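A look at the structure
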Amino acid sequence: MEEGARLVLGGARPADPALTQGFFYRPTLFVDCTNDMRIVQEEVFGPVISVERFKTEEEAVRRANSTIYGLSAGFWTRDADRMARVSRALRFGTVWINDFNVYFVQAPWGGYRQSGLGRELGRMGLDEYTEVKHIYRNHRPQPVNWFGR
């Protein structure tokens, strides 16, 4: 709100006394957001949505990718070519099309850039718990010297 976004819904802790001891926040919607605002550029782990306007698909992708984070993104379309094009162009660890916040234990979970390290879930997530070791044993008495002398 300090940067010009307009609060349309929520934006406060719930009034229910049973929820005063927890970390609860009412679902919140900001509109009139621009790409340079903190609410757009940072990862907000809560029930908060910021809405931006764009004119072209290229602008939407460019603006989405302009953050230093890249955990997840989602978009809605009926156009199969756009589904393929935009999902390839978005630099996020998970991209949802026509849905949001859907998880499967079989699918890896993790972000790009400053949105975490490694992956959870899926085969890649299990690989995070392994320690790989490469052992080379020269069975010849002379060194290989493949780097040169």
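Scoring rules and cut-offs
- Residues numbered from 1 in each chain as written.
- Predicted model: local features only at pLDDT ≥ 70, side-chain atom pairs only at ≥ 80, totals over all residues.
- Heavy atoms only, no water.
- Helix = DSSP H or I, 4+ residues; strand = E, 2+ residues; numbered from the N terminus.
- Rg over C-alpha atoms; globule rule 2.2 N^0.38 Å.
- Contact = heavy atoms within 4.5 Å.
- Lys, Arg positive; Asp, Glu negative; His and termini not counted.
- Charge placed at Lys NZ, Arg CZ, Asp CG, Glu CD.
- Salt bridge = Lys/Arg side-chain N within 4 Å of Asp/Glu carboxyl O.
- Buried < 20%, exposed > 50% of the residue type's maximum accessible area, 1.4 Å probe, protein only.
- Core = buried A, V, L, I, M, F, W, Y, C linked by side-chain atoms within 4.5 Å.
- 1 Å grid on protein atoms, 1.4 Å probe; cavity = no way out; pocket = protein on both sides within 12 Å on 5 of 7 lines; lining within 4 Å.
- Points joined across faces, edges and corners; volume = space filled by probe spheres on them.
- Nonpolar A, V, L, I, M, F, W, Y, C, P; charged D, E, K, R; others polar.

Each helix and strand in the protein was counted, giving four helices and seven strands. Secondary structure elements of the protein occur, N-terminal to C-terminal, as β-β-α-β-α-β-β-α-β-β-α. At 22 Å, the protein has a C-alpha radius of gyration far larger than the 15 Å of a compact globule built from 149 residues. Overall, the protein is about 75 × 45 × 30 Å in size when its C-alpha atoms are taken along their principal axes. Put simply, 32% of the contacts in the protein that link residues at least 6 apart link residues at least 24 apart. Where the 20 positive side-chain charges of the protein centre and where its 18 negative ones centre are 8 Å apart.

Once the charged atoms of two side chains with opposite charge are near each other, the side chains can pair. Applying the stated criterion across every chain yields a total of seven salt bridges. We note a salt bridge from Arg-82 to Glu-57, for which the minimum N-O separation is 2.6 Å. Placement of Arg-82 in helix α3 (residues 80–89) and of Glu-57 in helix α2 (residues 57–64) is noted, with a sequence separation of 25 residues between them. We classify Glu-57 as buried; its relative accessible area is 17%. Ionic contacts of the salt-bridge type, sharing partners, join the residues Glu-52, Glu-59 and Arg-63 into one network.

Moving on to the nonpolar core. Listed in full, the six residues of the largest apolar core are Val-61, Ala-73, Phe-75, Val-86, Leu-90 and Phe-92. Setting aside its immediate chain neighbours within four residues, Val-86 contacts Glu-57, Val-61 and Phe-75. Counting residues in hydrophobic clusters, the runner-up holds five residues, among them Phe-30, Cys-33, Met-37 and Val-40.

All right, on to α2 then. Listed as buried for α2 are Glu-57, Glu-59, Val-61 and Arg-63. Considering only its buried residues, α2 is in contact with β2 (28–33), β3 (48–52) and α3.

Right, let's get into the layout of surface pockets. Of the voids in this model, the largest pocket is the one considered here, and its volume is about 1500 Å³. If you go around the largest pocket, you meet 38 residues; those closest to its centre are Ser-50, Ser-72, Ala-73, Gly-74 and Phe-100. Those elements that place two or more of their residues in the lining of the largest pocket are α1 (38–41), β3, α2, β4 (69–70), β5 (72–75) and α3. Of the residues that constitute the lining of the largest pocket, the class distribution is 22 nonpolar, ten polar and six charged.

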